[in-house]
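Take a look at the letters that make up each chain.
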Protein chains: 2
Amino acid sequence: MMKENELINVITQSLNSEYIGDDCAYLKDLNIVVSQDNLVENVHFSKETMTPYQLGYKATMVNLSDIAASGAIPKYLTIGLSLPVGDNKNFIDDFYSGCKEALKTTEAEIVGGDITGSDRIFISICAIGKTEGRKISSRSNAKVGQKIITSGFHGSSAAGLKILQENLEPDTNLIKAHLMPIAQLEFAGNISSQIDEEYAMMDTSDGLFDALFKIGERSNCKMAVDFERIMYDHKIQQYFEQTYKDLIFFGGEDYQIIATVPVEFLPKLNNQYTIIGDVLEKTEDTIVEINFEDSSDKFSEMSTKCFNHFPD
Amino acid sequence: MMKENELINVITQSLNSEYIGDDCAYLKDLNIVVSQDNLVENVHFSKETMTPYQLGYKATMVNLSDIAASGAIPKYLTIGLSLPVGDNKNFIDDFYSGCKEALKTTEAEIVGGDITGSDRIFISICAIGKTEGRKISSRSNAKVGQKIITSGFHGSSAAGLKILQENLEPDTNLIKAHLMPIAQLEFAGNISSQIDEEYAMMDTSDGLFDALFKIGERSNCKMAVDFERIMYDHKIQQYFEQTYKDLIFFGGEDYQIIATVPVEFLPKLNNQYTIIGDVLEKTEDTIVEINFEDSSDKFSEMSTKCFNHFPD
């Protein structure tokens, strides 16, 4: 089977489109960005671990995060929902309640979509963001000398999922981070509404390392990060002493924001950020470099992995 | 199981949104319309009767037709594709070739989407249309006194499908009408770019009768149609003598356009239309009235059905 990255390459070649590459397409003539996400039962979620309410909430939040990470203001969503026959009314009521909960503190609303039958649940959400008054980001816009900043804790969602899957003693914050993540609209908007320079921005839907790698690869830079500056909930270390760094780097679904911005821009953010590293000239093939204070760190295996390889 | 109409009512109540009702949502502040369609393997299509190329073509055309029927100009599409593991590269190449074929004579392009795994094929296409210079239609805009006009042949797609399903002697035009329908962008654009009055417009994706019924119901009018004025390929009658009127009224997937416009507007259309009836005051509960020249017509059963009932 081809990996998602390879499939996207096939599509990109087939379409020869300037738009494909970021999570959102920036349609300049209409002053909008647009994103789409598919969620398939038993591939992306399971009815065993998620209620329809949580599913609606998370599916919506994922799309809000995509739009926010582009720099735009989330405005409209359409939801394509395909469902097995059965207790549809309750599913739909709960699902849309979750969607509305996710939209509560935004100016975005659901304006349409499609509903059909299916033998398993399939959800596709399309989100539209307004770009007026915002500078739109791109993965390919990181510049040597910029600071790498991030909006908050990494690894919490993956830790919460592991706690649920392994039936460990529950931790409210970690489980909530997994089931009810919060898109960083304010953090992203504070950057895109004030910055003049080109900048890179992404969410960490596929993990912190993945976001760093994709920005570095597309911008042809090295992303140098100090592990000690990355924020995480220290309970992760208590639960998963052997693997907590893997969770922080590769966990995914935290929907934090990673951005690369000039150091002079930082005062405009009123200390609402964490600097985790620097954008450097690319040396040899290293795209992401993770530095540890203690170089004899027992997680050197991951450290090596991070230096040169894209994780499987 | 609830019907699609009932499910849409649940969603409409849950969302309390002004946007839901037409195939497209009209987002006035952004000068766009947006539509979304889900297509599920073995519900909406089968690999047995459709190639990936035909599937890409038709899925794209369905969305172009939705946008055209709103009156807008189709501009951008995003495609969410979920696929089983296997020969994905060939599927994707063929599918996107079909999409591009459908877009060939338009100014629309594919700008993004999503690709994921799945145990069956699931496609969700989101289309965005530009409303600048166009008057946008609504199902609820039919006015008493307007003429009901349509863009072409009805029933061909359903006849083509029946020919394929029943292994009858092939007819190129009818089979093509089913596999490779053509959205009526020019017909719809000629109306929306020139009309000043409010008007109703829909495509016949769910059949001619369904479009007439939905416009009449939402506009609180009676849609009175003369059967003899409806255009159809007379080969349908040769193939399906007993049921050809059913195919014409209930067949679906012809993607013709139905519109209600003032009689004074018609000269602007340069005879590129067929008048099939009139929008009348609603009398009793009749929403669609089909009149036959020969009232002793042997299809009186359908005639009765059309007078008062919404078909199952």
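Predicted, not measured: the structure shown is a model, and the values here were computed from it.

What follows is about the overall build of chain A. Assigned secondary structure in chain A consists of 10 helices and 11 strands. A total of 312 residues make up chain A; the buried ones form 52% of that total. In chain A, the proportion of contacts linking residues at least 24 apart, taken out of those at least 6 apart, comes to 85%.

All names here are of chain A. Helix length check: helix α7 (residues 208-219) (12 residues) gives 17 Å between terminal C-alpha atoms against 16 Å at 1.5 Å per residue, within 8%. With nine of 12 residues buried, α7 is to be regarded as a mostly interior element. Within the sequence span of α7, burial applies to L208, F209, D210, A211, L212, K214, I215, G216 and S219. One or two residues past the end of α7 sits N220, with phi positive at roughly 60°.

On to the interface of chain A and chain B. On the side of chain B, 48 residues touch chain A, which itself brings 48 residues to the contact. At the level of elements, α1 (4-15), β1 (25-27), β2 (32-40), β3 (73-83), α3 (88-103), β4 (109-117) and β5 (122-130) of chain A are the ones that each hand at least two residues to the side of chain A that touches chain B. Element by element, the count of residues in the side of chain A that touches chain B is highest for β4(A), at nine residues. Of the residues belonging to the side of chain A that touches chain B, the class tally is 26 nonpolar, 15 polar and seven charged.

To continue, consider the sheet that holds strand β5 (residues 122-130) of chain B. Residue and element names in this part refer to chain B. Read from one edge of the open sheet, five strands run β1-β2-β5-β3-β4, paired in mixed fashion. For this open sheet the edge positions go to β1 (25-27) and β4 (109-117), each flanked by a neighbour on one side alone. Recorded for the sheet is a direction-independent mean angle of 20° between the axes of neighbouring strands. Pairing between strand β3 (residues 73-83) and β4: eight bridges, direction parallel. By the bridge assignment, T78 is partnered in β4 with G112. Across the sheet, helix α2 (residues 52-70) lies against β1, β2 (32-40), β3 and β5, angled at about 30° from β5, the strand it touches most.

Looking now at the relation of the copies chain A and chain B. One copy of the chain maps onto the other through a rotation about an axis followed by a shift along the same axis. Overlaying chain A on chain B yields an RMSD of 0.0 Å, the required transformation being a rotation through 180° with an accompanying axial translation of 0.0 Å. Here the symmetry operator amounts to a two-fold rotation axis. Mapped onto chain B, 98% of the interface residues of chain A are again interface residues, and the two copies thus contact each other with one and the same surface.

Bringing the packing of helix α4 (residues 156-165) of chain B against helix α5 (residues 172-179) of chain B into the picture now. All names here are of chain B. Following both chains from N to C, one finds α4 and α5 inclined at 105°, their axes separated by 7 Å at the closest point. Overall, the two elements α4 and α5 adopt an arrangement that is roughly perpendicular. Residues S156, S157, A159, G160, L161, I163 and L164 of α4 lie in contact with α5, whose contacting residues are N173, L174, I175, A177 and H178.

Here the focus is the packing of helix α2 (residues 52-70) of chain A against helix α6 (residues 185-192) of chain A. All names here are of chain A. The geometry of α2 relative to α6 is characterised by a closest axis approach of 8 Å and an angle of 20° between their N-to-C directions. The angle between α2 and α6 falls in the class roughly parallel. Viewed along their axes, α2 and α6 form a crossing whose handedness is left-handed. On α6, the residues touching L64, A68 and A69 of α2 are L185, A188 and G189. Considering only residue class, the contact of α2 with α6 consists of five nonpolar, one polar and no charged.

The subject of this paragraph is the domain arrangement of chain A. Residues and elements named next belong to chain A. With domains assigned, chain A is organised as domain 1 (4-130) and domain 2 (139-308). Averaged C-alpha coordinates put domain 1 and domain 2 at centres separated by 23 Å. The interface is formed by 17 residues belonging to domain 1 together with 19 residues belonging to domain 2. Those elements giving two or more residues to the side of domain 1 that touches domain 2 turn out to be α2 and β3. Looking at the side of domain 1 that touches domain 2, the element that brings in the most residues is α2, giving 10 residues.

One recurring pattern in soluble globular proteins: nonpolar side chains tend to sit buried together. Ranked by size, the top nonpolar core spans 181 residues in total, and within it A:V33, A:V34, A:M201, B:V33 and B:V34 carry the most contacts. Apart from the residues within four sequence positions on either side, A:V33 is in contact with A:C24, A:A25, A:Y26, A:L27, A:I67, A:S70, A:A72, A:G129, A:T131 and A:I136.

Let us look at the sheet that holds strand β10 (residues 274-280) of chain B. Two strands in a sheet stick together by hydrogen bonds in their backbones, pointing the same way (parallel) or opposite ways (antiparallel). All names here are of chain B. Strand order across the open sheet formed by six strands is β7-β9-β6-β10-β8-β11, with mixed pairing between neighbours. Edge strands, defined here as strands with exactly one partner in the open sheet, are β7 (200-203) and β11 (288-291). With strand direction ignored, the average angle separating the axes of adjacent strands in the sheet is 25°. By the bridge criterion, four bridges tie strand β8 (residues 222-226) to β10 in an arrangement that is antiparallel. Considered in β10, the bridge of A224 is made with D278. Sheet strands in contact with α2 are β7 and β9 (257-261), and its direction is about 170° off that of β7. Along the sheet, helix α6 (residues 185-192) makes contact with β7 and β9, crossing β9 at roughly 15°.

All names here are of chain B. Among the structural elements, K75 can be located in strand β3. You can call K75 buried: it has 20 C-beta atoms within 10 Å. Residues K75 and S65, 10 residues apart in the sequence, show an inter-C-alpha distance of 12 Å. Ignoring any residue separated from it by four or fewer positions in sequence, one finds K75 in contact with E107, A108, I128, G129 and K130.

Here the focus is helix α4 (residues 156-165) of chain A. Residues and elements named next belong to chain A. When you tally the buried positions in α4, you get seven out of 10 residues, the bulk of the element. Buried within α4 we find S156, S157, A158, A159, G160, L161 and I163. Looking one or two residues past α4, N167 carries a phi angle of roughly 50°, positive in sign.

The pairing of strand β8 (residues 222-226) of chain A with strand β11 (residues 288-291) of chain A spans four bridges and is classified as parallel. By the bridge assignment, A:M223 is partnered in β11(A) with A:V288.

Residue and element names in this part refer to chain A. The phi angle at E253 is positive, at roughly 65°, despite the residue not being glycine. Assignment of secondary structure puts E253 in the loop between α9 (244-250) and β9 (257-261). According to the C-beta neighbour criterion, E253 is buried, with 22 such atoms within 10 Å. For N271, which is not glycine, the phi torsion reads 65° and is therefore positive. Within the secondary structure layout, N271 lies in the loop between β9 and β10 (274-280).

Parameters at a glance
For every chain, the first residue of the written sequence is number 1, and numbering continues from 1 along that sequence. Chain A is the first chain written and ligand 1 is the first ligand written, with later ones labelled in order. Reporting of local features is limited, given that this is a predicted model, to residues whose pLDDT is at least 70; pairs of side-chain atoms are given and counted only at 80 or more, and all residues count toward the totals for whole chains, interfaces and linings. Runs of E in the DSSP output that reach at least two residues are strands. Runs of H or I that reach at least four are helices, and both are numbered from the N terminus. Any residue surrounded by 20 or more other C-beta atoms within 10 Å of its C-beta is treated as buried, while 12 or fewer makes it exposed and the intermediate range makes it partly exposed; C-beta atoms here are placed from the backbone. Any pair of residues counts as being in contact when their C-beta atoms, constructed from backbone geometry, are within 7 Å of one another. One fewer than the residue count of a helix, multiplied by 1.5 Å, yields its expected span. Ten residue types, Ala, Val, Leu, Ile, Met, Phe, Trp, Tyr, Cys and Pro, are classed as nonpolar, four, Asp, Glu, Lys and Arg, as charged, and the remainder, Gly among them, as polar. What makes two strands pair is DSSP finding at least two bridges between them. Here an angle of 0 to 180 degrees is reported between the N-to-C directions of two axes, which are lines fitted to C-alpha atoms, with helices fitted over the stretch in contact. Copy-to-copy alignment: least squares on C-alpha atoms, limited to residues at pLDDT 70 or above in both. Orientation categories follow fixed angle ranges, with anything under 35 degrees roughly parallel, anything over 145 roughly antiparallel, 65 to 115 roughly perpendicular, and all other angles oblique. Crossings are sorted by hand: turned counterclockwise from the far helix by less than a right angle, the near helix makes the crossing left-handed, and turned clockwise it makes it right-handed. An automatic or database domain assignment supplies the start and end points of every domain. Nonpolar cores are built from buried Ala, Val, Leu, Ile, Met, Phe, Trp, Tyr and Cys residues. These are joined into a set through C-beta atoms within 7 Å.

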